[in-house]
Structure formats: structure tokens, C-alpha cells
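# Inside the fold
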Amino acid sequence: MTLWSGRFEEVPDDVLWGFTVDTSDRRLLVDDITGSIAHVHMLGTTGIVSETEAATIGDGLSAILDEAWADSFEFKDGDEDVHSAVERRLTELVGIVAAKLHTGRSRNDQICLDIRLYLRRSAHVRVDQIKSLIRSLVDQAENVGDAVSPSYTHLQQAQAIPFAHHLLAYAWMLKRDADRFTDMCERVDVSPLGASASGGSSLPLDPDQTAALMGFANTFDNSLDAVASRDFVSEYAFCCAQTMVTLSRLSEELILWATTEFDWVSYPDRHTTGSSAMPHKKNPDMAELVRGKSAIVLGAASGLLILQKGLPMTYNRDLQEDKNLVFQADDATGGSLVALAAMIEGAEFHPREPTRWVTALDLAEVLVERGVPFRIAHEVIGVLVSDLVADGRTMDQLTGADLVAAHRLFTIDDVQWSNPRTSMERRITPGGGSMASVNRQLEDLKTYLG
Ligand code: ARG
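These remarks concern the structure in this document. All figures in this text were calculated on a predicted structure; none of them were measured in a lab.

## Some remarks on the side chain of D31
The residue D31 is located in helix α2 (residues 29–45) in this model. Beyond its immediate stretch of four places on either side in the chain, D31 contacts D114, L117, Y118 and R121.

## Looking at the site of the ligand
In the vicinity of the ligand, the residues found are H83, R107, N108, I111, Y315, Q320 and K323. With respect to the ligand, the side chain of Y315 contributes an N or O atom lying 2.5 Å from an oxygen atom. One of the side-chain N or O atoms of Q320 is found 2.8 Å from a nitrogen atom in the ligand. Burial of the ligand by the surrounding chains reaches 87%, relative to a free accessible area of 340 Å².

## So, the side chain of R120
Within the secondary structure, R120 sits in helix α5 (residues 107–143). Setting aside residues up to four positions removed in sequence, R120 forms contacts with V188, D189, M214, G215 and F216.

## Quick word on the pairing of strand β1 (residues 148–153)
The sheet contact formed by β1 and strand β2 (residues 156–162) spans five bridges and is antiparallel. Bridging across to β2, T153 finds its partner in Q156. In this structure, the hairpin formed by β1 and β2 is closed by a connection of two residues, where H154 is found at a positive phi of approximately 55°.

## Notes on the environment of D79
Positionally, D79 belongs in the loop between α3 (51–69) and α4 (82–94). Overall, D79 belongs to the buried group, its relative accessible area being 6%. When the C-alpha atoms of D79 and D387 are compared, they prove to be 79 Å apart, with 308 residues separating the residues in sequence. Beyond its immediate stretch of four places on either side in the chain, D79 contacts W17, V21, S84, A85 and R88. There is a polar contact of 2.8 Å between the side chain of D79 and the side chain of R88.

## Topic: helix α10 (residues 285–309)
With 25 residues, α10 should cover 36 Å at 1.5 Å per step; its first-to-last C-alpha distance of 37 Å lies within 8% of that length. Inspection of α10 places A287, V290, S294, V297, A300, A301, G303, L304 and L307 among the buried residues, and these make up the whole buried set. At its buried positions, α10 is contacted by α9 (231–257) and α11 (321–346).

## A few points about the pattern of salt bridges
This model, assessed by the stated rule, comprises 27 salt bridges. The salt bridge partner of E53 is K100, with a shortest N-O separation of 3.0 Å. Remark: K100 occurs in the loop between α4 and α5 and E53 occurs in helix α3; sequence separation between them is 47 residues. Taking the shortest distance from any N to any O, the salt bridge between D322 and R230 comes out at 3.1 Å. Note that D322 is positioned in helix α11 and R230 in the loop between α8 (223–228) and α9, a separation of 92 residues in sequence. With respect to class, D322 is no different from R230; both count as buried. Members of the salt-bridge network, linked through shared partners, are E67, K76, D79, R88, R89 and E92.

## Side note on helix α13 (residues 374–390)
Between its first and last C-alpha atoms α13 spans 24 Å; for 17 residues at 1.5 Å apiece the expected length is 24 Å, and the two agree. Along α13, the residues that are buried comprise A377, V380, I381, L384 and L388. When α13 is viewed along its axis, its buried side chains cluster within an angular range of 90° and face the same direction. Looking at α13, the residues exposed on the side facing more than 90 degrees away from the buried face are R375, E379, V389 and A390. Against the buried residues of α13 lie α12 (360–369) and α14 (400–406).

## Looking at a nonpolar patch on the surface
Together, L361, V368 and F374 give the surface a local cluster of nonpolar side chains, amounting to about 200 Å² of exposed area. One can find V368 in helix α12.

Thresholds applied
- Residues numbered from 1 in each chain as written.
- Predicted model: local features only at pLDDT ≥ 70, side-chain atom pairs only at ≥ 80, totals over all residues.
- Heavy atoms only, no water.
- Helix = DSSP H or I, 4+ residues; strand = E, 2+ residues; numbered from the N terminus.
- Contact = heavy atoms within 4.5 Å.
- Near = heavy atom within 4 Å.
- Polar contact = N/O pair within 3.5 Å; in protein donor to acceptor, adjacent residues only side chain to side chain.
- Areas by Shrake-Rupley, 256 points an atom, 1.4 Å probe, with all protein chains shown as cover.
- Pairing = 2+ DSSP bridges.
- Buried < 20%, exposed > 50% of the residue type's maximum accessible area, 1.4 Å probe, protein only.
- Expected span 1.5 Å × (residues − 1).
- Salt bridge = Lys/Arg side-chain N within 4 Å of Asp/Glu carboxyl O.
- Arc of directions from axis to C-beta.
- Patch = residues over 30% accessible without salt bridge, like charges linked within 9 Å, V, L, I, M, F, W, Y side chains within 5 Å.

Fair warning: the whole summary comes from geometry, so function is off the table for now.
This is the structure in C-alpha cells:
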């Protein structure tokens, strides 16, 4: 039987049932029971139901919660949603008094509460997973020590940097991704219970009490807003989407670096897959799938925004679709975080030193230090580069004499700055590509990780 059979003379058609029932809310089971336990406690203390009735219902719900945690709760075909399933089971356990559980409540505030409880829990899991990935990047940054690599702009070699600096760039991006989940929790931390169907209730409900029982910092200010709004769901999905953009960029490099052409990284067999046709292949499939799954998450995040944009106040059944989308985004993000942490942990990085061309900017800055305006210094080194190219030479064949000929303020010894490692060691900017900066970043990130 449905929760709304009273005014209906026909039973629901199979077509209606098949189309409207969505089982994805079953994963909200624990949260749904948690909310009901708080709700019935409040019904008892406010005298809306008797203390004895509240205790009986509360005991029944606790037993159902045990079943949920033990994974032994059984859903039935006739359960329209997770709320109906719990109430059906409660009736089986405590009898007719179960009919008082839904007093002063609607599935509209209830579903909103369930999602809030769920996202509050999962946000913490995602933050922990992001931190594990940061930890694996920090470990690898320490492993590679002072290995020098090129930075890239336009996918062209740019400047000499410690390879660790490159790895740690991702650590900082991920830290912001984690912070975003934490910041968002402030807006999830609002209990909608008591908003009822949309306009509140004529019963003396105590929303503050239920909010406090569930550890919510706030209650709603407007009952319509409480049941109609899903901005916290799309915000959660955005947090997933932005994290996936970071992971997708990292994946792209993990794939690129594993090519024969780059050969900057090797992965252990256990983290790669083979080809059914080409016996020599060893593919970085985990990173490719993370890059692929980012498309799913970005799609889900925009799907959630589109889902809300044309809805009149307040609850509309369209909103049922928010769960599939946000779960999709959340699952893909969680799985990707775990996969990439394993890949980074198992990787052996052996970046190649850059060509000497990457020292060009540092050479220009040698002249700047001696009073030459940067624009002129840039031009001088630019002409030097062009002359070398015209002569069929590279920066490797640059001599002190070439430098002196290029500008009178160069000395023969300045040729040492055309070596990527020495050029890197000249970097002094805080946060720049130097070992001093890398060591400081490592220290700060370790403090953050605790
Ligand atoms: N399954 C619904 C959802 O996910 C629950 C709320 C149903 N409310 C209603 N008035 N039909 O949104």
C-alpha cells in the first residue's frame, strides 16, 4: 500500500509504478532512519505523541537502523521509496503506532533532510580521499629529490624547475578541492525538518530540537526554500566536478609521461593493463578512465543545474532525479581519487632534464641584475637564440665568448647559467621553481596533512 492511498479508488498502474519509482534513494536508508529517530524524539518531547509511543517507535527505528548497518534490511517491490520502506518495516515491527511517525512531516522535507545528511557524511570521505592523494604526491616529491625537469607553457619547454615542484602544483590544487568540500558543508549544515509539505505545520514542532539532535548547525528560515532548494546538491556536484578537472589534468600528464616519447614515469604491472592484440602493450588505463569519468561528473553537475532552472515553487517530482546525478558524480569522484592515489604511490618517476634553451629567461635576468632594462635583455637573448639556430647550433654549444659578443655586460663565466640545474638554482622567488621553495612547500603540506 502507498502512503497516499486514501483518496484513490484505483491502484497504481504498472506503467506509473515502473516509471515513477526510483530505487536510487535506497542508499539514503541510514540517513532516512537517522532523521526519523530525531523526528520522533521531538514528537515525544513536544507532547505531539505520547512519550511511550515515541519510545516504542524510537526502539523500532533503532532496530531498523541495526538492520541497515548490517545490510540485512529488505526492500520490497511495493515500497515506493526509502521513506515508505522504513515506515512499512516499522509497522511490521511495532504495529499500528508506526502510523504516528510521519506526524508533522512530509516526504518533501524528509528527502531534503536525507540528502543533506548523506552529503555531509560523504563530503568528509572525499576530503580524506583527497588528502590521501596529496600525501602520495608529497611522498613522490620527496622521492624525486632535486631531479630537474622543464616546466611547460603551450606544451613547449619553458623553464628549468625541480620536478617535485610540478608534482606539488597538483597537491595545492587538490588542497583547494578539499577546502571547497569543507566550505560547502556550511551550506549543507541546515536542517529542513519542520518545513513539512511546504508551508510548515499547525502542530507545535520544534525544528531546533531535531536540528540539534542530528548535529545540524542551523534550521531553515523559510519553509518553501527548505523543500524547494537543491543548490547544496549542485554545489556538491560542482565540488566533485572541479576535483575531477584537477584529476583529469593530472591523469593527462600521467598518461603523457608514460609514452615512449616522454618516458618520465614507469608504473608497476599491477597498476597497468595489457592489450588483447599487441603483446608488448602496457597501458595506463586507470588514468585514462579518470579522464573519462570526469566527463560523467561534469555532465552530472550541469545536469543538476538544468534540473532546477525551470521549477516553480516548491517541491516538484523532477527533483527526484537529483539523486542519480549527485550519486553518479560522487561515486566517480571517490573511485577516481582512490585509483589515482594508488597510481601515484606505485609510480617510479624519472623525468628527463630539459634542453638548455630553457635557461634563456634566466640568462636575460643576469643582464637585468646588471642594470639592463628587461626589454633590451630579452631582445639580446632572443637574437642570441636566433643566431645559434641559424648556425645549426643549440644552447649546448653556447660558449662564454658567444655571451660576451651578445652583450658587453656578460662575462665568459656566465656560460655556467646556461645549464638548467645552475639556472634553476638562481631562482629566489617564494613559491618559485627552486629546491628552497619545494622544501618549504613540503613542510607546509605536511603540516596541513597532520
Ligand atoms: N522520491 C522523492 C524524491 O526523491 C521523495 C519525495 C516525494 N515527495 C512527493 N511529494 N512525492 O524527491
